Amino acid sequence: MKKPYEKPVIQKLITGYINKFANIFSPYGKKVRKEIDGVPISSLIEKFGSPLFVFSERKLRQKFREIKNAFTLRYPNVEFSWSYKTNYLDAICAILHSEGETAEVVSEFEYEKAKRLGIEGNQIIYNGPYKPIEFLKTAIQEGAKINIDHFDEINDLEKIADELGIKIKAGIRLNMDTGIYPQWGRFGFNLENGQAWRAVKRIVSRGKIEINGLHCHIGTFILESKAYEIEMKKLIDFAYKIEDEFNFKIEYLDIGGGFPSRNRLRGIYLPPDVIIPSIDEFAEKICDTLLSNLRSGDYPKLIIESGRAIVDEAGYLITTVNAIKRLPDGKKAYILDAGVNILFTAFWYHFNIEIDREVNGPCEPCVLYGPLCMNIDVVEDTAYLPPIPRGTKLIISPVGAYNITQWMQFIRYRPAVVLIGENKEVDLIREAEDLTDITRREHLPERLKLK
Ligand SMILES: Cc1ncc(COP(=O)(O)O)c(C=O)c1O
């Protein structure tokens, strides 16, 4: 068969395109992928269209169990609570709840979504800076764990305590210096400047709330396991300070989430396999700190709200090359049917990009643009691909965390999402949108109707 003609390219060598770990454009993973968990890419696209989000149930369960084992082998009292904002598709949450995770939510919407799945209030942790008082009351009546964010929330809880004629049990959220900068200071009470202690004293003085837990989420995609050691030590010290001074028992220490996935963060030189600590390293630091600082016989519940590290690698996005063009500077560009409208995390990562076929010809630096008529719609500005023809499918990963929740209906409809089960069954877990999804909530006043 005659090979198609490919114009030769002259490549300008620019320092920085190559590093000692090989090519930074395709830093890890195989480059040709014809299937996901044994299901052909072609059959997925034929049936569900492109673009398409694909989740692997096998990978999701495997990632969760890795984290669960890492902690439960080292500490006897651990609760895992699924961070809904990371991915609140029913099917994803249901899998993680079936593995034993409770629900960590930060809004009424997420709370209602968890309840709809059958999660009871007492299996829900309600965090976040904005908890409308009426809903806060419902959450308390239903037995949710509340982590207080600020002084106004203390006021609200005291008001609810009066209304219900009860003493409310609640945790308080802290922020602290763990060596991670910029420090997340906007949630909870600051530990170092005494604000957290003032909050405790304020709560004690009114006698309407019983503090039974401490919460802290130090940030996300944390690469320093040492930061958790510092966090844990500070939480334990603060817990004992509260217990010793007042008649409270701190029943849980909630360290939030923040463990990284094996994604390639923009601005980081080393590839994920080199730079990202294993979950065992995190677990070791956290549990060692607990066991060496807790008082004899005291095993408060360790709560982990890991999101990204569990779901990111279980998600793939299949997208199709719709057009190929040359930019004025000579760089090759591909226009895909998926962009930052559905791939919010493109702003953070250089994804692993694989293609669905073998393609001959030299690789060259290229840009991957999404379909939006917006300059910011860049999926990857430093891809390095052979001359792929129109119609090629790109498989982009890991994309399981924060995209399905932060995607937007902007310019285009949001695509379908499927789940590949452990026996290769393929289920549609979210339909592709159509015009009715968007217009269903619009109202055109009679006087403006055109016909
Ligand atoms: C309170 C809280 N818990 C858990 C998480 C999950 O974090 P991650 O996805 O980094 O594990 C977040 C994310 O921002 C959070 O704010």
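Residues numbered from 1 in each chain as written. Predicted model: local features only at pLDDT ≥ 70, side-chain atom pairs only at ≥ 80, totals over all residues. Heavy atoms only, no water.

1. A few points about the overall build of the protein chain
So, point 1. Looking only at helices and strands, the protein chain has 13 helices and 22 strands in total.
So, point 2. Principal-axis analysis of the C-alpha atoms gives the protein chain an extent of 85 × 65 × 45 Å.
So, point 3. Within the protein chain, the proportion of its 451 residues that are buried is 53%.
So, point 4. Relative to all contacts within the protein chain whose residues are 6 or more apart in sequence, the contacts with residues 24 or more apart total 70%.
So, point 5. Of the roughly 21000 Å² of accessible surface on the protein chain, a fraction of 52% belongs to carbon and sulfur atoms.
So, point 6. Distance between charge centres in the protein chain, computed from 62 positive and 63 negative side chains, equals 5 Å. (Helix = DSSP H or I, 4+ residues; strand = E, 2+ residues; numbered from the N terminus. Buried < 20%, exposed > 50% of the residue type's maximum accessible area, 1.4 Å probe, protein only. Contact = heavy atoms within 4.5 Å. Areas by Shrake-Rupley, 256 points an atom, 1.4 Å probe, with all protein chains shown as cover. Lys, Arg positive; Asp, Glu negative; His and termini not counted. Charge placed at Lys NZ, Arg CZ, Asp CG, Glu CD.)

2. Concerning the site of the ligand
So, point 1. Close to the ligand lie 16 residues; Thr220, Gly258, Glu305, Gly307 and Tyr402 are nearest.
So, point 2. Between the ligand and the protein, one listed contact pairs an oxygen atom with a side-chain N or O atom of histidine 217 at 3.4 Å.
So, point 3. Between the ligand and glutamate 305 there is a distance of 2.6 Å, counted from a nitrogen atom to a side-chain nitrogen or oxygen.
So, point 4. Computed on the free molecule, the ligand has an accessible area of 400 Å², of which 94% lies beneath the protein chains in the complex.
So, point 5. When atoms are counted within 2 Å of each cavity's grid points, the one that captures over half of the ligand is the largest pocket. (Near = heavy atom within 4 Å. Polar contact = N/O pair within 3.5 Å; in protein donor to acceptor, adjacent residues only side chain to side chain. 1 Å grid on protein atoms, 1.4 Å probe; cavity = no way out; pocket = protein on both sides within 12 Å on 5 of 7 lines; lining within 4 Å. Sits in = over half its atoms within 2 Å of the grid points.)

3. Quick word on the nonpolar core
So, point 1. Grouped together as the largest cluster of nonpolar side chains are 115 residues, with contacts concentrated most on Phe53, Phe55, Phe71, Leu214, Phe238, Phe259 and Leu302.
So, point 2. Examining the composition of this core, we find that nine residues originate from one element, helix 8 (residues 225–245), more than from any other.
So, point 3. Both domains that furnish three or more residues to this core are identified here as domain 1 (35–55 + 313–433) and domain 2 (127–306).
So, point 4. Excluding residues within four positions of it along the chain, leucine 214 makes contact with Ile172, Leu174, Leu235, Phe238, Ala239, Ile242, Ile250, Tyr252, Leu253 and Asp254.
So, point 5. Formed by 14 residues, the second largest nonpolar core is a distinct cluster that contains Ile36, Ile395, Ala416 and Val418. (Core = buried A, V, L, I, M, F, W, Y, C linked by side-chain atoms within 4.5 Å. Domains from an automatic or database assignment.)

4. A look at helix 10 (residues 279–293)
So, point 1. Its 15 residues give helix 10 an end-to-end C-alpha distance of 21 Å, which sits within 8% of 21 Å, the value for a rise of 1.5 Å per residue.
So, point 2. Among the residues of helix 10, Ile279, Phe282, Ala283, Ile286, Cys287, Thr289 and Leu290 are the ones counted as buried. Buried residues of helix 10, viewed axially, fall in a sector of 150°; they line one side. (Expected span 1.5 Å × (residues − 1). Arc of directions from axis to C-beta.)

5. Observations concerning the pattern of salt bridges
So, point 1. Summed over all chains, the structure comprises 35 salt bridges.
So, point 2. Residue glutamate 313 is joined to lysine 63 by a salt bridge in which the shortest nitrogen-to-oxygen separation is 3.3 Å. Here glutamate 313 is found in the loop between helix 11 (308–311) and strand 15 (315–326), whereas its partner lysine 63 is found in helix 2 (residues 57–72), with 250 residues between them in sequence.
So, point 3. Residue class for glutamate 313 comes out buried when judged on its relative accessible area of 13%.
So, point 4. With a relative accessible area of 11%, lysine 63 lands in the buried category.
So, point 5. Two residues, arginine 326 and glutamate 364, come together in a salt bridge whose shortest N-O distance is 3.0 Å. With arginine 326 in strand 15 and glutamate 364 in strand 18 (residues 364–369), this pair connects stretches of sequence that are 38 residues apart.
So, point 6. For glutamate 364, a relative accessible area of 9% corresponds to the buried category. (Salt bridge = Lys/Arg side-chain N within 4 Å of Asp/Glu carboxyl O.)

6. Thoughts on the side chain of glutamate 158
So, point 1. Note that glutamate 158 resides in helix 6 (residues 151–164).
So, point 2. Overall, the relative accessible area of 5% leaves glutamate 158 in the buried class.
So, point 3. With residues up to four places along the chain from it excluded, the contact list for glutamate 158 reads Arg202, Ile203, Arg206, Lys208 and Ile209.

7. What to know about the domain arrangement of the protein chain
So, point 1. Looking at the protein chain, the domain boundaries give domain 1 (35–55 + 313–433) and domain 2 (127–306).
So, point 2. Computed from C-alpha atoms alone, the centre-to-centre distance between domain 1 and domain 2 is 37 Å.
So, point 3. Counting from both sides, the interface comprises eleven residues of domain 1 and, opposite them, seven residues of domain 2.
So, point 4. With both sides pooled, the region where domain 1 packs onto domain 2 buries about 850 Å², and carbon together with sulfur makes up 42% of that total.
So, point 5. Together, Glu313, Tyr349 and His350 form the three largest contributors to the area buried by domain 1 at its contact with domain 2, with a combined 62%.
So, point 6. Across the contact surface, domain 1 and domain 2 share one salt bridge.
So, point 7. For the interface between domain 1 and domain 2, the tally reads seven residue pairs in polar contact (both at pLDDT 80 or more).
So, point 8. Per-class residue counts for the side of domain 1 that touches domain 2 are seven nonpolar, one polar and three charged. (Buried area = accessible area lost by both parts, 1.4 Å probe. Nonpolar A, V, L, I, M, F, W, Y, C, P; charged D, E, K, R; others polar.)

8. Description of a nonpolar patch on the surface
So, point 1. Where nonpolar side chains cluster on the molecular surface, the patch consists of Phe347, Met374, Ile376 and Ile411 and spans about 370 Å² of accessible area.
So, point 2. Looking at the element boundaries, isoleucine 411 is found in the loop between helix 12 (403–406) and strand 21 (416–420). (Patch = residues over 30% accessible without salt bridge, like charges linked within 9 Å, V, L, I, M, F, W, Y side chains within 5 Å.)

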